[in-house]
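Coordinates in review
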Amino acid sequence: AELVALARSVPAADLGRAIASWLQQSTDPDALEKYHRMRRSIKWRNDPDGMVSISMRLPPLLAGLFISIITSLVMRSKPRRQVDGTWPTLAQQHADALEELLNEGAGTINTEVVVHVRGAGTTMDDGTPVPSTVLEGIADTAAIRAMIHDAESKPINVSGKHRHPTLRQKRVVKERDRLCVDCGRGELLTFDHVPEFETSRRNGGVELELRCGPCHWKRHPTSNN
């Protein structure tokens, strides 16, 4: 009955995450972590067109690390036109990033996986639920930082005088905006100065907005040529 009520009230795109959150709240954390470990898998099959389809089922923290590295590789690489003149899709850029990762390794990529601990439970940055026992297991080796929110649950601003935001400032802005403020996209997110840094000479949270790469480029077309 609870799941039926959930299905009626949650958009289809968010239903999987909502059910996972319900499962986390109604299952013993140790049992859920063991279940995730037992259900992990990577499978592949040969398709008729000669391509190979790969399917992965990974525990939330491992999946978060994989996604973070792939996203970082995509963000640091400038897309190039393909042989037919078209631009690669995001999915194609992910495939190129995986190829780079397999051929060259992670190299000097500096990335982080953010885990949120709230009263309603522990989640990845995108809302994917994580068993609390997983956090306990990494607490002694991870860099744990607290993000303070005000009475309205908004992350507190962090000010700065340099042009490029610090990791701490990025966490604050990402927690506040979550998605591209223009189109609502959740991929290829960048931190955009509003107004431009040359005008404000400030780099605090109120001067930064989260925008996807394409929307960021539209706001500054001349500086990207």
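Structure's up top.
Residues numbered from 1 in each chain as written. Predicted model: local features only at pLDDT ≥ 70, side-chain atom pairs only at ≥ 80, totals over all residues. Heavy atoms only, no water.

In the structure shown here, the tally under the stated rule is 0 disulfides. The structure places no disulfide on Cys 180, whose sulfur is separated from the nearest cysteine sulfur, that of Cys 183, by 3.7 Å. Residue Cys 180 is classed as buried on the basis of its relative accessible area of 5%. With no disulfide partner, Cys 212 has as its closest neighbouring cysteine sulfur the one in Cys 215, 3.6 Å distant. (Disulfide = S-S within 2.5 Å. Buried < 20%, exposed > 50% of the residue type's maximum accessible area, 1.4 Å probe, protein only.)

The subject of this paragraph is a nonpolar patch on the surface. A cluster of nonpolar residues, Ile 42, Trp 44, Val 52, Ile 54 and Met 56, forms a patch on the protein surface that exposes about 540 Å² of accessible area. Breaking the nonpolar patch down by element, the ones donating at least two residues are β1 (41–46) and β2 (52–57). It is β2 that contributes the most residues to the nonpolar patch, 3 residues altogether. Structurally, the position occupied by Ile 42 is in strand β1. (Patch = residues over 30% accessible without salt bridge, like charges linked within 9 Å, V, L, I, M, F, W, Y side chains within 5 Å. Areas by Shrake-Rupley, 256 points an atom, 1.4 Å probe, with all protein chains shown as cover. Salt bridge = Lys/Arg side-chain N within 4 Å of Asp/Glu carboxyl O. Helix = DSSP H or I, 4+ residues; strand = E, 2+ residues; numbered from the N terminus.)

Here the focus is the pairing of strand β4 (residues 121–124). Neither face of β4 is left uncovered, since the one carrying Gly 121 and Thr 123 and the one carrying Thr 122 and Met 124 both have all their residues buried. As consecutive antiparallel partners, strand β3 (residues 115–118) and β4 are separated by 2 residues. (Pairing = 2+ DSSP bridges.)

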